[in-house]
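Coordinates in review
Listed below are the residues making up each chain.
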Amino acid sequence: LSVSSVLKYNQWNDVAFTCDGTTTKIYANGEEVASSAALITGTDDTTGTYIGCANTGILDYHLEGELDAVQQFPFVCTPTQIKWLSEKAFRGLNV
């Protein structure tokens, strides 16, 4: 999945990723921009989770930018929650 075509260049972008075991979705600035069959299944993660680089076995794709306000939730956020987080929470409110 890729969102590079919808991200705003030289600006902060809110990017969210959800996976419910069936479907993986990516949101950019509160809007769903990509989805596919689940990229992650089950709870036995033997390869690790990476933020800012691709797990290709070589780890040769790295983020060229900055990350801020990274959060992980113990549940799958709804589209409404993703929109709220993008518009309100990451714009200065504490959640």
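For the structure given in this document, a descriptive report is provided here. (Residues numbered from 1 in each chain as written. Predicted model: local features only at pLDDT ≥ 70, side-chain atom pairs only at ≥ 80, totals over all residues. Heavy atoms only, no water.)

This next bit is on helix α1 (residues 79-87). Listed as buried for α1 are I82, L85 and S86. The arc that holds the buried residues of α1, viewed along the axis, is 100°, so those residues lie on one side. The inward-facing, buried residues of α1 contact β1 (15-19) and β2 (23-28). (Buried < 20%, exposed > 50% of the residue type's maximum accessible area, 1.4 Å probe, protein only. Helix = DSSP H or I, 4+ residues; strand = E, 2+ residues; numbered from the N terminus. Arc of directions from axis to C-beta. Contact = heavy atoms within 4.5 Å.)

Our focus in this paragraph is the packing of aromatic side chains. If you walk through the whole model with that rule in mind, you get 1 aromatic pair. With 5.5 Å between their ring centres and 45° between their planes, F73 and F75 make a pair best called tilted. (Phe/Tyr/Trp six-rings, centres within 6.5 Å; stacked < 30°, edge-to-face > 60°.)

This part takes up the pairing of β1. Two faces make up the sheet, and in a regular strand the side chains alternate between them. Burial of β1 is one-sided: the residues A16 and T18 facing one way are buried, the residues V15, F17 and C19 facing the other way are not. As paired elements, β1 and β2 share 5 bridges and run antiparallel to each other. Bridge pairing links V15 to A28 in β2. With antiparallel pairing between neighbouring strands as the criterion, β1 and β2 make up a hairpin whose turn holds 3 residues, including G21 at a positive phi of roughly 95°. (Pairing = 2+ DSSP bridges.)

Glancing now at the sheet that holds strand β3 (residues 31-37). Sheet architecture is open: 3 strands sit in the order β1-β2-β3, paired in antiparallel fashion. With partners counted over all chains shown, the strands left at the sheet margins are β1 and β3, one partner each. Pairwise comparison of adjacent strand axes, ignoring direction, gives a mean angle of 15° for this sheet. (Axes fitted to C-alpha atoms, helices over the stretch in contact; angles between N-to-C directions.)

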